[in-house]
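Below, each chain spelled out in residue letters.
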Amino acid sequence: MEFKVTTLDGETSGSIELSADIFGLEPRADLIQRCIVWQLSRRQRGTHAVKNRAEIWRTGKKMYKQKGTGSARHGSARVPQFRGGGRAFGPQVRSHAIELPKKVRALALRHALSAKAKDGGIVVLDRAALDDGKTKTLKARFAKLGFENALIIDGAELESKFTLAARNIPNIDVLPVQGINVYDILRRHKLVLTRAAVDALEARFK
């Protein structure tokens, strides 16, 4: 698969051959969905909690005698039936994370990249670097290239001025190649890969 390589100035900088084993698969929605569910489940904090009857600070003395009052039988005032009592079966602190085999996650990433390539949403950039590090300059160049909603993947090391300039632009994410993931690929309209990112991905899935 041959893709044109562009620069930040919008000029053509040759072409690059993308591996069909990574970018040319027929996308499987089931694998992509499983990986996204796995990612989002690990992202949940799981810190929501309520107090049950054992955690309520209130007397445990029997409210009134068992018989002869004409009212229902009750013991402790900490039970869920009463206002101020504990919550029955309420949420507790727990992990929402589920497991997904490593091979399935790797395959889902390749299918996500292939889905983006099939939709024409992949752009190959020569390099993600900026001289002055100003957001205004980078925003103008993105407007020229049509990057309104994009995920930019660079090599193992991000260029500091480019990263600083990009972080204030809405709907633009910049990640090193080791941080590439299925969820971020699909939530942005464009996937922008630098030459270094393409080389690192092909080495990773070799």
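Heads up: the structure comes first, above all this text.
The structure presented is a predicted model; accordingly, all values stated were derived computationally and were not measured.

Enquirer: Teacher, can you tell me more about the nonpolar core here?
Expert: Soluble globular proteins: nonpolar side chains tend toward being buried together. Core analysis: the largest hydrophobic core is formed by 32 residues, its most contacted members being Phe23, Leu113 and Leu193. Ranked by the residues each element gives to this core, the list is headed by helix H3 (residues 102-118), at seven residues. Leave out the neighbours within four places in its chain, and Phe23 touches Met1, Leu18, Leu113, Ser114, Ala117, Ile122, Leu193 and Leu201. The next biggest cluster of nonpolar side chains, apart from the first, holds 17 residues, and it includes Leu125, Leu130, Ile172 and Val192.

Enquirer: Would you explain the side chain of His96 in this entry?
Expert: Residue position: His96 is located in the loop between helix H2 (29-43) and H3. A distance of 3.3 Å separates the side chain of His96 from the side chain of Arg94, its partner in a polar contact. Setting aside residues no more than four positions away along its own chain, His96 makes contact with Ser41, Gln44, Gly46 and His48.

Enquirer: What's the story with the layout of surface pockets in this structure? I'm lost.
Expert: Which parts of space are left empty comes out when a probe the size of a water molecule is rolled across the atoms. Roughly 240 Å³ of volume is contained in the largest pocket. Residue lining of the largest pocket: Cys35, Trp38, Gln39, Lys102, Arg105, Ala106, Leu109, Ile180, Asn181, Val182, Arg204 and Phe205, and that is the complete set. Among the elements of the structure, H2 and H3 are those that each provide at least two residues to the lining of the largest pocket. Ranked by residue count, the leading element in the lining of the largest pocket is H3, at four residues. Its residues assigned to classes, the lining of the largest pocket shows seven nonpolar, two polar and three charged. Looking at the second largest pocket, its volume works out to about 150 Å³.

Enquirer: Honestly, the pattern of salt bridges in this entry has me stumped. Any pointers?
Expert: Pairing between side chains becomes possible if they bear opposite charge and their charged atoms approach one another. With the rule as written, the count across this model stands at seven salt bridges. As a salt-bridge pair, Arg141 and Asp9 come within 3.6 Å of each other at their nearest N and O atoms. Separated by 132 residues along the polypeptide, Arg141 in helix H4 (residues 135-145) and Asp9 in the loop between strand S1 (2-6) and strand S2 (12-17) bring together distant segments of the chain. The partly exposed category is assigned to Asp9, whose relative accessible area is 37%. Asp184 serves as the salt-bridge partner of Arg187, at 3.6 Å between the closest nitrogen and oxygen. You can see Arg187 and its partner Asp184 sitting in helix H6 (residues 182-187), three residues apart, about one turn around the helix. On the basis of relative accessibility, which here comes to 13%, the residue Asp184 falls in the buried class.

Enquirer: Which parts of the structure should I look at to understand the environment of Val123?
Expert: By the secondary structure assignment, Val123 is in strand S3 (residues 122-125). When the C-alpha atoms of Val123 and Lys190 are compared, they prove to be 7.2 Å apart, with 67 residues separating the residues in sequence. The contacts of Val123, once residues within four sequence positions are left out, are Thr6, Phe147, Lys190, Leu191, Val192 and Leu193.

Basis of the calculations
Residues numbered from 1 in each chain as written. Predicted model: local features only at pLDDT ≥ 70, side-chain atom pairs only at ≥ 80, totals over all residues. Heavy atoms only, no water. Core = buried A, V, L, I, M, F, W, Y, C linked by side-chain atoms within 4.5 Å. Buried < 20%, exposed > 50% of the residue type's maximum accessible area, 1.4 Å probe, protein only. Helix = DSSP H or I, 4+ residues; strand = E, 2+ residues; numbered from the N terminus. Contact = heavy atoms within 4.5 Å. Polar contact = N/O pair within 3.5 Å; in protein donor to acceptor, adjacent residues only side chain to side chain. 1 Å grid on protein atoms, 1.4 Å probe; cavity = no way out; pocket = protein on both sides within 12 Å on 5 of 7 lines; lining within 4 Å. Points joined across faces, edges and corners; volume = space filled by probe spheres on them. Nonpolar A, V, L, I, M, F, W, Y, C, P; charged D, E, K, R; others polar. Salt bridge = Lys/Arg side-chain N within 4 Å of Asp/Glu carboxyl O.

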